[in-house]
Amino acid sequence: MEYYEHSNYGIDWTEYHKLFPNETRSPTINRFSKIVVLQTLLKVGFEKQEPIVLSKLWRTMIEQERWKGVCDTYKKHFRGSLAHKIEKLYFIELKYRALLLFVSSVRVTDAFKKKLEEDQCICRYDEHNRIVWIRSDCNEISVEGEHR
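- Identification of the protein as SPK domain-containing protein from Caenorhabditis latens is taken from an unreviewed UniProt entry.

Given below as C-alpha cells:
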C-alpha cells in the first residue's frame, strides 16, 4: 500500500513519517500501511462506535488493499509495534487517540489517563485499563462498548 489520505479527519498524516523516519523493519508492513490502518481504525470508530475484532479487520484490509502476507502477520505487528505508539502520536488530537485505543481494545497507561482528564476527555475503563466509554469535551466523540 503506497497511498493514504494525507489530511484524513483534519490530521496531517505525513507527521507519522517525521516521528518514525527509519521504521522499515517489516518486509510486508511499511509506514504507509500503518497510516492506512490508523485511518481505518478511526473510520470504524466513528461508524461503529464500539470495539471491534481486529482479526476481521486485518482479513478485510488484506483483501481490499491487496496486501501481502496473512492476517497473523498484521495482528502481531499491530500488537508488537503500532498499538503501544498510539498514545504518543502527538499529531493526532487526544480524543482521536482515545478513540483509536477504544476501538482496538488497547490498554491505556496512567499517564495517558491523566492527559485525557486534563483535556476534559472523560473516559471510563475496565479492569484491564481499556477504555469502555468516551465523551470528549465538545461531545464530538461519545462512544460506549465492551471488549471481548
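## Observations concerning the overall build of the protein
Move 1: Assigned secondary structure in the protein consists of six helices and three strands.
Move 2: When the helices and strands of the protein are listed from N to C terminus, the series reads α-α-α-α-α-α-β-β-β.
Move 3: Within the protein, buried positions represent 51% of all 148 residues.
Move 4: A fraction of 53% describes how many contacts in the protein between residues 6 or more apart in sequence connect residues 24 or more apart.
Move 5: About 8500 Å² of surface is accessible on the protein, with carbon and sulfur atoms providing 46% of the total.

## Quick notes on the packing of aromatic side chains
Move 1: Across all of its chains, the model carries two aromatic pairs by this definition.
Move 2: For the pair Trp-13 and Phe-91, a centre-to-centre distance of 5.9 Å together with 80° between the ring planes defines the contact as edge-to-face. Highlighted residues: Trp-13 in the segment before α1 (14–19) and Phe-91 in the loop between α4 (71–82) and α5 (94–103), separated in sequence by 78 residues. Taken individually, Trp-13 and Phe-91 each receive the classification buried, so the pair is uniform in this respect.
Move 3: Centre to centre, the rings of Phe-46 and Tyr-96 are 5.7 Å apart; their planes meet at 80°, and the pair counts as edge-to-face. With Phe-46 in helix α2 (residues 31–48) and Tyr-96 in helix α5, the pair connects residues that are 50 residues apart, well separated along the chain.
Move 4: Residue classification places Tyr-96 among the buried residues on the basis of a relative accessible area of 6%.
Move 5: Positioned above the aromatic ring of Tyr-96 is the side chain of Lys-95, whose terminal nitrogen or guanidinium carbon lies 5.8 Å from the ring centre.

Conventions we followed
Residues numbered from 1 in each chain as written. Predicted model: local features only at pLDDT ≥ 70, side-chain atom pairs only at ≥ 80, totals over all residues. Heavy atoms only, no water. Helix = DSSP H or I, 4+ residues; strand = E, 2+ residues; numbered from the N terminus. Buried < 20%, exposed > 50% of the residue type's maximum accessible area, 1.4 Å probe, protein only. Contact = heavy atoms within 4.5 Å. Areas by Shrake-Rupley, 256 points an atom, 1.4 Å probe, with all protein chains shown as cover. Phe/Tyr/Trp six-rings, centres within 6.5 Å; stacked < 30°, edge-to-face > 60°. Lys NZ or Arg CZ within 6 Å of the ring centre and 35° of its normal.

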